[in-house]
Every structure is written in C-alpha cells, then in structure tokens.
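# Secondary and tertiary structure notes
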Amino acid sequence: MFTLIISISLAVLVEAYRYEFVFDDSEIFANCPHIPDNNGIHDLVDMSKITYELMEDGIKVFGNTTFVWEGVKPSDRIQMRGEVFKFQQGTWHVTSLSMTVQDFCKVQFDPNALWYQMWGKHVPLDERECVNVNGHTYHFEPFTIDTFVEYP
C-alpha cells in the first residue's frame with residue numbers, strides 16, 4: 001500500500017500601500033459643500049494664528065490654535081469619525097481609509113495613535129488638554145507633517 005501525503009503551505013503576504021496626500025492649494029481644511037451653514041473645523045478651532053506651508057517633504061506647521069467650540073464642556077465625551085475621499089475627474093470618490101474613535105479625549109495624546117505622530121506630539125506637555133476645553137490654546141512647536149501614509 002502506498003500513501004501519498006501532500007503538505008500545502010500557505011503564505012500570507014501582507015501588502016501595505018503607500019498613499020501620498022497631494023494638496024491643490026494652501027487651504028488644508030475645506031468646508032463640506034453639501035452641509036449648509038457649516039464651517040468645518042473652523043466651527044471648533046480658531047486657526048487664524050497658525051500657518052501651513054506646502055513643502056516638497058510635507059507641510060510645515062507653526063503657530064497656535066484656540067478651541068472655540070461653543071457649548072462643549074470638559075466632561076463631554078468626544079466621538080470622532082473620519083473618512084478620506086479623493087477628488088477625481090470632478091467628483092468625490094470613497095476610499096478604504098476611515099476611522100472611528102469612541103472617546104477621543106482618552107486617546108488624543110496616546111503615542112500609538114495615528115494623529116499623535118502627525119501633530120499630538122508637538123503640543124507642549126503643559127498644554128495637553130482635550131479638544132473639549134473651550135478657549136484653550138495649543139502653542140505648537142514648529143513641525144512638518146509627512147504627506148505620505150502607509151496603510152494598512
């Protein structure tokens with residue numbers, strides 16, 4: 001009697017994709033055109049004293065921001081949902097990049113969070129209050145945001 005045993009090994013390849021965020025103009029944050037009376041991030045943060053410079057190696061940021069979110073209380077839980085769309089051939093298209101955070105204040109300055117490497121680590125330690133403190137200001141040390149992101 002002859003027995004044939006075939007062993008199959010499966011190799012799983014994990015591919016990360018490298019995305020580059022390309023900005024058409026110096027306005028980093030734009031209002032949502034389909035939501036009337038909405039100023040986007042400007043309803044939450046006074047960004048008149050922060051400067052963004054588009055550079056070849058990223059976006060240079062310097063200045064400060066003050067939270068102007070009327071009606072928010074420091075005890076409020078902040079839930080965040082973000083989705084990335086791309087503008088192609090005159091229309092917005094869904095991408096696979098999205099994120100939901102149930103309690104942003106708990107993880108806002110977590111070194112493992114995606115946004116911490118982008119901007120959170122540049123907030124001075126003595127100014128690290130959650131975004132739900134109306135009137136609070138972050139005085140950023142100058143930094144550069146890398147416009148390349150690897151996902152997943």
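A brief look at the structure comes next. (Residues numbered from 1 in each chain as written. Predicted model: local features only at pLDDT ≥ 70, side-chain atom pairs only at ≥ 80, totals over all residues. Heavy atoms only, no water.)

## Some details on unusual backbone geometry
With a phi angle near 55°, Asp37 is a residue other than glycine that sits in the positive phi range. For Asp37, the location among the structural elements is in the loop between strand E1 (17–20) and strand E2 (45–46). Assessed through its relative accessible area of 81%, Asp37 is described here as exposed. Positioned with a positive phi, Gln89 is a non-glycine residue whose angle comes to about 55°. Structurally, Gln89 is set in the loop between strand E5 (80–88) and strand E6 (91–101). (Helix = DSSP H or I, 4+ residues; strand = E, 2+ residues; numbered from the N terminus. Buried < 20%, exposed > 50% of the residue type's maximum accessible area, 1.4 Å probe, protein only.)

## Things to note about the pairing of E5
Pairing analysis gives eight bridges linking E5 to E6, with the strands arranged antiparallel. From the neighbouring strand, Phe87 faces E6, where its bridge partner is Trp92. (Pairing = 2+ DSSP bridges.)

## Observations regarding the packing of aromatic side chains
Applying the stated criterion to the full structure yields seven aromatic pairs. Seen in terms of ring centroids, Phe104 and Trp115 are 5.2 Å apart; in terms of plane orientation they differ by 50°. Their pairing is tilted. Highlighted residues: Phe104 in helix H1 (residues 104–107) and Trp115 in helix H2 (residues 114–118), separated in sequence by eleven residues. Geometrically, the ring pair formed by Tyr138 and Phe140 is edge-to-face, given 6.0 Å between the ring centres and 80° between the ring planes. In this structure Tyr138 comes out as buried when scored by relative accessible area, which is 1%. An aromatic cluster is defined as three or more aromatic residues linked by ring pairs; in this entry it consists of Phe67, Phe109, Trp119, Tyr138, Phe140 and Phe143. (Phe/Tyr/Trp six-rings, centres within 6.5 Å; stacked < 30°, edge-to-face > 60°.)

## Some remarks on the environment of Asn64
Topologically, Asn64 is positioned in strand E4 (residues 58–67). On the basis of relative accessible area, Asn64 is assigned to the buried category, the value being 18%. Considering only alpha carbons, one finds Asn64 and Pro142, 78 residues apart in sequence, at a separation of 9.8 Å. Residues within four places of Asn64 in sequence aside, it is in contact with Asp46, Lys49, Ile50, Thr137, Tyr138, His139 and Phe140. (Contact = heavy atoms within 4.5 Å.)

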